[in-house]
Amino acid sequence: MTFLVIPGHHRAMRLQRNPGLVALLCLLVCARAFPLIAANDIPLEVEQPPTITSQAASPIVAFQSDESFPVTCEAKGNPEPEFRWTKNGQEFDPLMDPRLVKEDHSGTFVIPKNGNLSEYQGIYRCFASNNLGTAISEDMDFIVPIVPKFPKEKMDPIEVEEGQALILECNPPKGIPPLQIYWMTINLQHIEQDERVSMGLNGDLYFAHAEEKDSRRDYCCFASFPRIRTIVQKTAMSVVVKTSEFERHKSNAILERKPSFLTPPDDRSEKRLVRGEDLALECIAEGFPTPKIEWVKVGHKLPDKANVEHHGKLLVVPRVNEGDNGKYMCRARNSHGEAAHYFTVTVEEPPEWVQDPQSQLHTIGSDVHIKCSATGTPPPVITWRVNGVPLEEASAAANRKRLGDTIVLHHATAADTAVYQCQASNRHGSLLANANIMIMNLQPRVLTAEGKEYSAVEGKATIMHCKVFGSPPPSIAWSKDDSSGPVEGPRFTVHTNGSLEILAVDREDMGRYTCLTKNTEGTAAITATLSVKDPTRIVVPPEDVEILAGSAAQLSCLAEYDKSFSNDFELLWEKDDIEIASNQTEASRYFVEDGLLQIGNVSHGDQGTYTCIARTPLDRARAAARLVVLDVPDAPEDLVLSERKSRGVKLKWTPGEDHGSSTTEFIIEYEESQWEPGTWKELVRVPGNHGSALLRLHGDLDYRFRVSALNGVGMGRPSQHTERYKTPAAAPDKNPENIKIEGHLPHEMDINWEPLLPIEHNGPGLEYKVSYRRQDLDDEWQEHMVRRHSFVVKDTPTFVPYEIKIQARNHQGWAPEPGIVSGFSGEDFPSAAPDNVVVEVMNSSTVKVSWTRVHKDMLHGHLGGYRVNWWHLRSLTETKKKSQHGERHALAFPGDRGHGLLPGLAPFSEYSLMVMSFNGRGNGPGSHPVSFKTPEGVPEKNSAFRVMDVQKHTISLAWSPPREPNGILTGYLLQYQLINDTEDLGPLQTVDISDPAATRLTLKDLEAVSRYKFYLRSCTMAGCGPTITKNSTTTAEARVANAQEGIATQGWFIGLMSTIALLTLLLLIACFVNRNKGGKYSVKEKEDLHPDVESQGMNDDTFCEYSDNDEKPLKGSQRSLSGQTAGGGSGDSLVDYGDQEVQFNEDGSFIGEYAGRKDKRVSMEIKAPAQAPA
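A brief report on the enclosed structure follows. (Residues numbered from 1 in each chain as written. Predicted model: local features only at pLDDT ≥ 70, side-chain atom pairs only at ≥ 80, totals over all residues. Heavy atoms only, no water.)

Structural notes on the packing of aromatic side chains
Here is step 1: Taken as a whole and judged by the stated rule, the model has 22 aromatic pairs.
Here is step 2: Each residue in the set Trp 85, Phe 92, Phe 109 and Tyr 124 is aromatic and connected to the rest through ring pairs, giving one cluster.
Here is step 3: Across from the ring centre of Phe 127, 4.0 Å away, lies the NZ or CZ of Arg 84, which sits over that ring.
Here is step 4: Over the ring of Phe 565 we find Lys 533, and its NZ or CZ is 5.8 Å from the ring centre. (Phe/Tyr/Trp six-rings, centres within 6.5 Å; stacked < 30°, edge-to-face > 60°. Lys NZ or Arg CZ within 6 Å of the ring centre and 35° of its normal.)

Thoughts on the sheet that holds strand E59 (residues 648-654)
Here is step 1: If you walk across this open sheet you meet the three strands as E58-E59-E62, and the pairing is antiparallel. The open sheet has two free edges, formed respectively by strand E58 (637-645) and strand E62 (692-696), since each of these has just one partner strand. The mean inter-strand angle of the sheet, taken between neighbouring strand axes irrespective of direction, is 25 degrees.
Here is step 2: Where E59 and E62 come together, five bridges link them in antiparallel fashion. Residue pairing across strands places Val 649 opposite Leu 695, the latter belonging to E62. (Pairing = 2+ DSSP bridges. Helix = DSSP H or I, 4+ residues; strand = E, 2+ residues; numbered from the N terminus. Axes fitted to C-alpha atoms, helices over the stretch in contact; angles between N-to-C directions.)

What to know about the state of the cysteines
Covalent bonding between the sulfur atoms of two cysteines defines a disulfide.
Here is step 1: Considering all chains together, one arrives at seven disulfides under this definition.
Here is step 2: In this model Cys 372 forms its disulfide with Cys 422; the gap between the sulfur atoms is 1.8 Å. Disulfide Cys 372 to Cys 422: torsion about the S-S bond roughly -75 degrees, handedness left-handed. With a gap of 50 residues between them, Cys 372 in the loop between strand E31 (368-371) and strand E32 (373-377) and Cys 422 in strand E37 (residues 418-426) connect regions that are remote in the sequence.
Here is step 3: On the accessibility criterion, Cys 372 (0% relative accessible area) is buried. (Disulfide = S-S within 2.5 Å. Buried < 20%, exposed > 50% of the residue type's maximum accessible area, 1.4 Å probe, protein only.)

Regarding unusual backbone geometry
Here is step 1: In this structure, the amide linkage connecting Ser 58 to the following residue, Pro 59, adopts the cis form with an omega of 0 degrees.
Here is step 2: Relative to the helices and strands, Pro 59 is located in the loop between strand E2 (48-55) and strand E3 (60-61).
Here is step 3: Each neighbour pair has its own omega, and for Thr 377 with Pro 378 the value is -5 degrees, a cis peptide bond.
Here is step 4: When you line up the elements, Pro 378 lands in the loop between E32 and strand E33 (381-386).
Here is step 5: A positive phi is found at Asp 481, a non-glycine position, where the angle reads about 50 degrees.
Here is step 6: Mapped onto the elements of the fold, Asp 481 is located in the loop between strand E43 (475-480) and strand E44 (492-494).
Here is step 7: Judged by its relative accessible area of 38%, Asp 481 is partly exposed.
Here is step 8: One non-glycine residue, Asp 482, lies in positive phi territory at about 60 degrees.
Here is step 9: When you line up the elements, Asp 482 lands in the loop between E43 and E44.
Here is step 10: The exposure class assigned to Asp 482 is exposed, which follows from its relative accessible area of 61%.

Topic: the pattern of salt bridges
Here is step 1: Summed over all chains, the structure comprises 56 salt bridges.
Here is step 2: Two residues, Asp 534 and Arg 507, come together in a salt bridge whose shortest N-O distance is 2.2 Å. Of the two residues, Asp 534 sits in the loop between strand E47 (522-533) and strand E48 (537-540) while Arg 507 sits in the loop between strand E45 (500-502) and strand E46 (511-519), which places them 27 residues apart along the sequence.
Here is step 3: Using a relative accessible area of 38% as the deciding quantity, one classes Arg 507 as partly exposed.
Here is step 4: For Glu 910, the salt bridge is made with Arg 874, and the minimal N-O distance between the two is 3.0 Å. With Glu 910 in strand E78 (residues 909-919) and Arg 874 in strand E75 (residues 863-875), this residue pair connects regions lying 36 residues apart in the sequence. No difference in accessibility class separates Glu 910 from Arg 874, as the two residues are buried. (Salt bridge = Lys/Arg side-chain N within 4 Å of Asp/Glu carboxyl O.)

Okay, structure coming up:
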C-alpha cells in the first residue's frame, strides 16, 4: 500500500511511539516546507490577532427614505477583539451617546433617524484589538445631505444689444451627485437650443449672439438631484435684447465679427481624469455669423469611440484609457475668421495593488518579509502602520527594518506578532490592507472530532476529514486497521487540508482509519470509521407519456436502496427541475404516493420533463420521462390577405401550437354575405407544413376567410376571420352537370340537370341555353333559353337518339363550351311477342323454358328482359280440371336471352305458361299459352302419427295420409327399434304396408317394459317421403282397453265421426267456391297480353322465388319487405300486376322487381368530373 503524505516544514525529532508507527513517521522526514497559511486559514481555536471581516461601504448617505443608518464593523480573533472608533481622526466612543444603538460582541453601531443627524457627519474608522494586535478598517464617510437651494435673490433684467454675446449663469447649489440641469420657461417649456444657443457643462446658458426673439422674462434654471429626489428652481431671469429702428436699417456688417470663446477661457487648459471615466471637452464660441466648431487630436486622429454632441460644441470620449492621453484642439470658424483652444488631457489612475501585504504564520527565529507595493497615476504614497499606529510612531524594534516596499523582521520572536497595515494613496483614492503576522511554535492540533463515523456508497467517492493546525505546518498521513503501512493505490488521495478521498469505494474499504499528523513540536492522531452502503438505483424508471388534455396521467418509479436508510429514504418528483411538493392541498391536481405520481385533469402547463429522484443521506439516483400533452391545435394567428387578384387571393397565417401532435392539415373556410351570410363552408385543405394558400374564388361575392388546424387529436378552434374581400362579377366558370334525359311518354323527351349553385353564378342574370339535335340525322342544333333547370322536347319520334348540350350565361358572358351528352326520346311498349315457346321438364319441380327473342325493331325501347307467367291448372290426382286458374306466378329474366328455369313447381301437376318481353315503358304482348305436366314426386310428411293402445307385448299405431301426396300413394314404410337407456340401439325392424288406404297397425311380440321408437313414411312410385316419428313404452302386465277405446271401436261411433267429417268437407268446399267466384280466367284471353308479374333475382337458368295463394310460404317463395309472404288472389285481368319496378346489379343481373306502369320513366344519367372553386 502507498502511504500518502502532506509534506511540511521539518526538523529532527525523537520518536517516542510504538514501533508500528516508526516506518510511517520516517516518511515525514523528507517533507518540503509547507506554504504560508493565510489568516483566514487559521482556525479560530488558535490564538491570533484580530481580522476585520465586515465594514460599511463608504460613503454612508443618510437618505430621508432610510429608517436608520448602521455603521458596520465586524472582526474575529482569539481572544475576542475589542472595538474602538475615531471620528475625523479623534477618539469616538459610541457608548457615550445614548442615541446610538450598540450591538454586543460587535463594533457596529446604528445612527437613528430621529434627531439632528448633521452632528454625526464625519469620517469614521474602526479599530479591533486583542493582546496580539490591532486591525483597522478603511475610512467610512457618513454624509448627511442637506436640501440644496438656490439663494433667494432679486434679479434685474439683463439688457443686451442685438448681436452681442450673452451668458445666463445658473450656479447650481451643491448636493449629492449626480446633478442634472435644465433651462425652461415658467410654464416648464424647454428653452430651444441650437448652434447659437446652448447649455454648458457648468449649467450656464450661452448665446453666440443675441437676437430680438431671445427677449423674454422667464428664463429659469432647474437643478435636479435624483438620489435625493429633489428639483430646485432658480429665480426667473429677464432678458431684453435692445435694438433701434435705425439699427434695423443699417448694414449687418457692423455686428459681424470673428469667433471668440465664451468657454473655456484663454487658449489652453488642462484636463485630468481617471481611467474608465468619460472625457468631456467643451468649446462654446460667440460671434456673428454663428461659428462652427471643429475637433481634432493633435498629431492623431480622433478615437473611433469619440462622439461630437450639442451641435458640435461637446466632444465625448467614453471610458478613457492611457491611449487617450494627448493634446486636443477645438476650432471655431465663421466667415470672418477662427479661434482655437488646446486641451492637454492626462488620464490618471487611482492606486491599485501590485502586491498587497499577506497574513503570514512563521516559526520563532524565522526571517519575515512583509511586502506592499501599488501602482497609480500619480504614483501612490505608501504608509505603514503597526497595530493601527503609524510605523514612525510605533515602539521601536531592533529586528525590524524597512527596505523599500518591504518590512523585514530578522529572527522574529513571539513578541513580533502584530497586525501591520499598508495604505497606498494618491489624489484619486487610497487602498488599505491589514496583514496578520503570527510568530509561534505549536504542536499539531487536530480540529476534527475523534471517532467520527463515515458512510460511503459502493462505487462512489467519499472523503474523511482530518483538519489540523500547527506551527510549523504539520505533515499528515492515513493508515487503516492498525496497519503499519499507509493506505495506497490510485484510488486514495490525501488533500492539502488533510482530508482522505477514496474513489470508487468497495466493500474492502470498510474499517477503522487513523489520521497521524506531525511537526517539530509533536504529533497528534485521530481515528475514524468507514462503512459501505449499497448504492441507490432506480430499477423501474418512469416512461415517456403522451396523453390527451383533460385526462389523468400517471408516472411510476421504483427504486432500490440500502436497507439501513429505511427511515431516511425519500422518493421525490421534479417537474422541469422544480420539486413537486408531496403535501399538496385538496385543490391540487398532483398526487404523490409510493413512487406514483398522478396528475388529474392534465393541461398544457403540465407538459414537461418529470424526474424521479430516489434520495438517501449519502446518494441519489435520477430518472426522467417526458410528458407530452396532446390536444387539438391552437387557432392559427396573424391571417393576412396578399397578392390580391380579381378571382384569387393569397392567404397567409402563422400556425398555433400543435400540442404534441403534428398538424396534418389546415382547413380554410369561407363565408360570403350575399347568399348564405353567417354560414361557414370549407373551401380548401392544405398540408400541415404550409403557412399559406392561393385561393380560387367565384365572382361577385364578398368573402371573408378563417383557418382551422387539424392534427391526430382532432380539429382545433378556427382562427379570427379576415377582413372582407370583394370579387368582381364574371362569366360563369362551369356549365350544369348531371344531365338526365328521360322519356315519360313515347313522343316526348324530358331534359333535367343539376343547376349551378348560387355562388357559382359569378354575377346576376343567370340562364341556360338548351341545345339538342337528332344523333342519327345531320340536323341543325335546336336552341332554347331557360331559367329553370329542366326542359321538355315535344313531338319526338319514339326511342331515337339525341345529342344534348347545356351552356350557362349571365350578364357578364357565357360559360365555357359545354360537353355533349347522348340520350333517347321516350319509349313505347314492345309490339311483338316471343315465338317458339318450348317447355322441357327437368324434374318434378323444375322446367326449362325456351323461346325465340323479339326483334329489336319491335322492342321500341331499351330491352329490360323477358318475363314468364305461369298458372297451376290442377293436380293430376284430381279427375277433372278446375273451373278457374290458380294464382298467377311470374319470373323475369333480365337481358337479351332465350331461355330460363322455373323452379319450385308442384309435382304431378298440370301448368300453363306464356312468355313476353319488357322495356322501360312496360310489358309487350304475351306468347301463345303452353301447357305442361310435372311428374310424380315423393309425398310430404304424414299429417298425424299417434300411439293408440299399449299392452305388455303390443302397441297399436294410427296415422293419417300426407296432405300432399305429390302422386299416387302406393303404401307406407313403417320401421321401429328398441331404444332402452343403453348405448346400443336395437335392430331396425321394417314393415312394408302396401295398402295406401291403411291408417292403422298393431305391432305384436314386443318386449315388455321396453321403449320403442317408430318411423313412418308415405310412398309413391317416385319414392318415400320424409319421416315422422313417435316413441312409446310397453307395460309390465296386460290390461283391459279403456272405455274410450271401447267406444271408439263401436260401429255407431265410427259412423257418427264419418258423418261429421263429410259435413266439414262440404262446408270447406262451399267457402272455397264463394271466395273464388269473382270470375274465371282463360289463358287464351287477350288480357294476358300485358300482364305484370313479380320479378325476382336469379342465376343463369333459375329464378329465385315464387308464391301461390296459400298463406303458408312454399320453398323459395318471395316475401314482402315486411317479412310476410307475398300473396294475392286471381283477378279478371293481369294488368293488376303491372305497378312494379325492376332493378339490376351493376353487371346487369336482375335483383328486384320490374315495373310496367305506363308513365314509368327511363332515364340516362350523365356525370362528368368537375372541380369548382368556392
